[in-house]
Amino acid sequence: MKLVAVLGSPHPNGPSSTLSKEVIRGAKEAGWDVALYEIESMHVRGCQGCRTCKQKGIDCILPDDLAPYWKDLHTCDALLVSSPNYASMVTGPMITYMNRHYCLLDQNWQPRIKPGIKLIGVFAQGAKDASLYRKNYEWFLHDFENRGMVLQRMFVHTGGGPATEEEVKEAYQAGYTL
Ligand SMILES: Cc1cc2nc3c(=O)[nH]c(=O)nc-3n(C[C@H](O)[C@H](O)[C@H](O)COP(=O)(O)O)c2cc1C
């Protein structure tokens, strides 16, 4: 079984990365292979709207750091996407990354990836009210659900401080029981 994890925070030890890495640690201990992508250290271009993917029924052809990702995605069983909240939403680079999944819908707007990939969202925000931006996180995750992925779990860390011991435990458990 394979987990693909895409982390969007520039803080490797911030709460969104910490919780994501706990999910990964749990999954690894349960025997999963993990492919890790850290968007902030990658060169990821925006979708060019060239429609080559639609016309040919293929993955995105842009030759940037997402190139190896598509193969991992087609062979994975779970996808973790993670981001801090910047200006009420996931970060710009994570939206850029999400836009590139245009290639996973064919000419008839049907998913061209195996159905049922488990989806986990991990978000962190300064605001204490966990429900404040829920719709925005759901909007982001919906793009993946729209390609046949199934939301398994969404973590929203609030308050801006470090992840709590309880959150860390829950994240590990979520990975272990994926
Ligand atoms: C540019 C910027 C914009 C932010 N905008 C918001 C916001 O609109 N709402 C909010 O609750 N927190 C906001 N925050 C706070 C972060 O979401 C918060 O510090 C989060 O815990 C960072 O997570 P990370 O360390 O895992 O990246 C913002 C932080 C930055 C740097």
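Below or above, wherever it landed, is the structure these notes cover. Since this is a predicted model, take the numbers as computed values, not measurements.

**Overview of the site of the ligand**
Part 1 of the reasoning: Contacts to the ligand come from 16 residues, most closely from G14, S16, P84, G126 and A127.
Part 2 of the reasoning: Listed by contribution, the elements that provide at least two residues to the shell around the ligand are α1 (15-29) and β3 (78-86).
Part 3 of the reasoning: Residue classes in the shell around the ligand are distributed as six nonpolar, ten polar and no charged.

**A look at the pairing of strand β1 (residues 2-7)**
Part 1 of the reasoning: Of all six residues in β1, five are buried; the element is thus mostly enclosed.
Part 2 of the reasoning: Of the crossover connections in this fold, the one passing from β1 over α1 to the parallel strand β2 (residues 33-38) is right-handed.
Part 3 of the reasoning: Both β1 and β3 contribute to a ladder of five bridges, which runs parallel. Bridge pairing in β3 places V4 opposite L79.

**Concerning unusual backbone geometry**
Glycine aside, a negative phi is what most residues show, and trans is what most peptide bonds show.
Part 1 of the reasoning: In this structure, R51 is a non-glycine residue whose phi angle is positive, near 65°.
Part 2 of the reasoning: Relative to the assigned elements, R51 resides in the loop between β2 and α2 (52-56).
Part 3 of the reasoning: Residue A87 is not a glycine yet carries a positive backbone phi of 55°.
Part 4 of the reasoning: Note that A87 resides in the loop between β3 and β4 (89-90).
Part 5 of the reasoning: The class for A87 is exposed, based on 8 C-beta atoms found within 10 Å.

How each quantity is defined
- Residues numbered from 1 in each chain as written.
- Predicted model: local features only at pLDDT ≥ 70, side-chain atom pairs only at ≥ 80, totals over all residues.
- Near = placed C-beta within 6 Å.
- Helix = DSSP H or I, 4+ residues; strand = E, 2+ residues; numbered from the N terminus.
- Nonpolar A, V, L, I, M, F, W, Y, C, P; charged D, E, K, R; others polar.
- Buried ≥ 20, exposed ≤ 12 C-beta atoms within 10 Å, placed from the backbone.
- Right-handed = clockwise from strand over helix to strand, strands pointing away.
- Pairing = 2+ DSSP bridges.

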